[in-house]
Amino acid sequence: MTSVPDDLIQPFMIETSGLRGRLIRMGPVIDDVVGRHDLPPAAQALMAEFIVLAATLSAALKFDGIFTLQAKGNGPIRLMAADVTSDGGVRAYASVGEDVPSEDDIDGAPIPRLFGAGYLAFTVDQGDHTELYQGIVELQGPTLIDCVHHYFRQSDQFSAAITLAAERDASGAWRAGALMLQRLPEDELSFRKEEMEEAWRRATILMGSCRKEELTAEAISPHQLLFRLFHEDGVRVFDTHPLNFSCRCSRERAEGVLRMLSDDELDDYKIEGRISITCEFCNTVEWFDEAQIRYARTV
Ligand SMILES: [Zn+2]
């Protein structure tokens with residue numbers, strides 16, 4: 001049995017118009033990233049969408065570093081973040097209160113029910129000496145996709161359309177998929193503007209016809225799905241980029257946290273003489289005993 005390619009970014013081009021796009025498919029990786037957090041079901045579902053959206057937006061940008069998507073609000077989920085490195089490493093984090101509504105109470109409006117009022121932001125961090133690329137928009141609309149399209153309408157960094165889905169498969173594991181189409185800059189248009197508008201309209205309608213289960217289903221390969229949607233206009237696929245789980249935490253970073261604490265704070269956090277530092281992204285725990293704490297604070 002040959003396995004269907006999964007956990008990847010598949011760039012493509014529609015041949016008649018030259019429009020570019022990306023298909024994102026996530027299976028075991030998104031289940032791993034979400035599963036590292038002890039979240040209520042409604043928050044898990046939003047985190048899965050958040051992760052696949054972060055992967056999708058990151059795929060539209062040329063960068064060498066870390067892309068971070070973040071939402072802050074005054075609702076039950078105070079903060080959610082997902083980041084994607086330029087080599088495809090994905091991780092996520094959420095700060096969640098007690099009062100998360102059940103999935104039934106979300107009623108098609110996860111953003112107001114879970115985040116309340118707030119904003120959606122992304123940054124691209126390319127290291128110390130390069131510019132921080134940034135975008136921010138008020139959370140507006142019932143779903144994450146609505147918020148992103150609200151951002152696209154205001155942005156000159158992205159001219160794109162996205163559809164996405166995240167759901168559990170029959171075994172209960174999270175899967176997600178997304179499609180993004182990007183408009184071409186005017187100087188790259190190979191034909192007249194009106195024709196391009198028509199091609200864009202047609203491509204976004206075809207994209208919109210893609211059902212959630214087609215976006216996420218492992219059984220439909222990325223090539224099959226793209227062919228199914230765009231075959232009349234011809235679709236060319238390029239090399240895929242893999243996505244994987246990766247976290248940048250380390251014992252050295254945990255030691256850095258210990259150095260920032262006061263003696264009083266250290267005493268507060270000690271349990272039977274030891275301190276544990278848990279990475280909020282991957283839930284890895286680093287333990288330090290008295291001697292190790294002293295060492296960490298001297299290096
Ligand atoms: Zn970590």
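Relevant structure appears above.
Just so it is clear, the structure is predicted and the values come from calculations on it, not from any experiment. In this numbering scheme, every chain counts its residues from 1 along its sequence in written order. Per-residue local features are limited, in this predicted model, to residues with pLDDT of at least 70; the limit for side-chain atom pairs, both in listing and counting, is 80 or more; totals at the level of whole chains, interfaces and linings are taken over all residues. Here the side-chain values reflect all heavy atoms present in the structure, with hydrogen atoms and water set aside.

A. Summary view of the overall build of the protein chain. The numbering of helices and of strands both runs from the N terminus, where a helix is a DSSP run of H or I of at least 4 residues and a strand a run of E of at least 2. Summing up its helical and strand segments, the protein chain has 11 helices and 14 strands in all. Put simply, the radius of gyration uses C-alpha atoms, and a globule should come to 2.2 Å times the residue count raised to 0.38. In terms of overall dimensions, the protein chain is globule-like: its C-alpha atoms have a radius of gyration of 21 Å, near the 19 Å expected for 299 residues. Judged by the C-alpha coordinates and their principal axes, the protein chain covers about 70 × 45 × 45 Å. Counting the 299 residues in the protein chain, one finds 49% classified as buried. Between buried and exposed lies partly exposed: a residue is buried under 20% and exposed over 50% of the maximum accessible area for its type, with that area taken using a 1.4 Å probe on protein chains only.

B. Just helix 6 (residues 193-208), in detail. Here the expected span of a helix is defined as 1.5 Å times the quantity of residues minus one. Between its first and last C-alpha atoms helix 6 spans 22 Å; for 16 residues at 1.5 Å apiece the expected length is 22 Å, and the two agree. Residues M196, A199, W200, A203 and M207 constitute the buried set of helix 6. Projection of helix 6 onto a plane perpendicular to its axis shows the buried side chains occupying an angular sector of 100°, all on one side. Along helix 6, the residues that are exposed and aim more than 90 degrees away from the buried face are E194 and G208. In what follows, residue pairs with any heavy atoms lying within 4.5 Å of each other are defined as contacts. Residues of helix 6 that are buried in the fold lie against strand 1 (8-14), strand 8 (160-168), strand 9 (174-182) and helix 8 (222-230). The arc in question is traced by the directions running from the helix axis to the C-beta atoms.

C. Just the coordination of the zinc ion, in detail. Donor atoms (N, O, S) are those found within 2.8 Å of the metal centre, with the cutoff raised to 3.2 Å for Na, K and Ca; water is not part of the atom list, so apparent gaps in a site can occur. Here the zinc ion is held by C247 (SG), C249 (SG), C279 (SG) and C282 (SG), and the distances to it run 2.2 to 2.3 Å. The geometry test gives tetrahedral to four donors whose angles all lie between 85 and 135 degrees, gives square planar to four donors and octahedral to six donors whose opposite members are over 155 degrees apart with all other angles between 65 and 115, and gives irregular to the rest. Geometry at the zinc ion is tetrahedral, judged from its four donor atoms and the angles of 100 to 115° they form at the metal. Motif for the zinc ion, donor spacing along one chain: C-x1-C-x29-C-x2-C.

D. Looking closely at the sheet that holds strand 7 (residues 133-138). A pair of strands is considered paired only if DSSP assigns at least 2 bridges between the two. Spatial strand order, 7-6-3-4-5-12: six strands in an open sheet with mixed pairing. In this open sheet, the two strands that pair with only one neighbour each are strand 7 and strand 12 (244-245). Examined bridge by bridge, strand 5 (residues 89-96) and strand 12 share two bridges and lie parallel to one another. Considered in strand 12, the bridge of V90 is made with F245. Strand contacts of helix 2 (residues 41-59): strand 3 (66-73), strand 4 (77-85), strand 5 and strand 6 (118-125), with the helix running at about 35° to strand 4, the strand carrying the most contacts. A fitted line through C-alpha atoms represents every axis, and for helices the fit uses only the stretch in contact; the resulting angles, taken between N-to-C directions, go from 0 to 180 degrees.

E. Representation of unusual backbone geometry within the structure. A positive phi is found at E272, a non-glycine position, where the angle reads about 50°. On the accessibility criterion, E272 (79% relative accessible area) is exposed. Even without glycine at this site, N283 takes up a positive phi of about 65°. Relative to the helices and strands, N283 resides in the loop between strand 13 (275-278) and strand 14 (285-288).

F. Up close: the packing of helix 1 (residues 28-35) against helix 2. At their nearest, the axes of helix 1 and helix 2 sit 10 Å apart, and the two run at 130° to each other. Considered as vectors, helix 1 and helix 2 are oriented oblique to each other. Note that helix 1 runs across helix 2; the crossing there is right-handed. On helix 2, the residues that touch I30, V33 and V34 of helix 1 are Q44, M47, A48, I51 and V52. Residue type decides the class: Asp, Glu, Lys and Arg count as charged, Ala, Val, Leu, Ile, Met, Phe, Trp, Tyr, Cys and Pro as nonpolar, and the leftover types, Gly among them, as polar. Tallied by class, residues from the contact of helix 1 with helix 2 come to seven nonpolar, one polar and no charged. Roughly parallel means an angle under 35 degrees; roughly antiparallel means over 145; roughly perpendicular covers 65 to 115; every other angle is labelled oblique. Left-handed describes a crossing whose near helix is turned anticlockwise from the far helix through less than a right angle; right-handed describes the clockwise counterpart.

G. Representation of the environment of L8 in the model. Assignment of secondary structure puts L8 in strand 1. Along the primary structure L8 and T240 are separated by 232 residues, whereas in three dimensions their C-alpha atoms are 6.4 Å apart. If we skip the residues at most four places from it in the chain, L8 touches L23, I24, R25, P222, T240, H241, P242 and L243.

H. Structural context of the pairing of strand 2 (residues 20-26). Most of strand 2 is tucked away, with six of its seven residues classed as buried. Relative to strand 2, strand 1 is paired through six bridges, and the arrangement is antiparallel. Note that in strand 2 the partner of I9 across the bridge is I24. Strand direction decides the pairing type here: strand 2 and strand 9, joined by seven bridges, are antiparallel. Pairing of M26 across the sheet is with A176, part of strand 9.

I. Summary view of the packing of aromatic side chains. Two aromatic rings, drawn from Phe, Tyr or Trp (for Trp, its six-membered ring), form a pair once their centres lie within 6.5 Å of each other, and the interplanar angle then sorts them: stacked below 30 degrees, edge-to-face above 60, tilted otherwise. A full pass over the atoms with the stated rule returns seven aromatic pairs. The interplanar angle of 45° and the centroid separation of 5.8 Å between the aromatic rings of Y93 and F281 together place this pair among those described as tilted. Of the two residues, Y93 is situated in strand 5 and F281 in the loop between strand 13 and strand 14; the sequence distance between them amounts to 188 residues. Residue classification places Y93 among the buried positions, given a relative accessible area of 15%. Overall, F281 belongs to the buried group, its relative accessible area being 17%. Put simply, the rings of F63, F67, F122, Y151 and F152 touch in pairs and so form one group of aromatic residues. Cation over ring: R36 sits above F245, and NZ or CZ is 3.8 Å from the ring centre. We call a charge positioned above a ring when the Lys NZ or Arg CZ atom is no farther than 6 Å from the ring centre and deviates by at most 35 degrees from the ring normal. Residue placement shows R251 over the ring face of F288; its charged tip is 3.9 Å from the ring centre.

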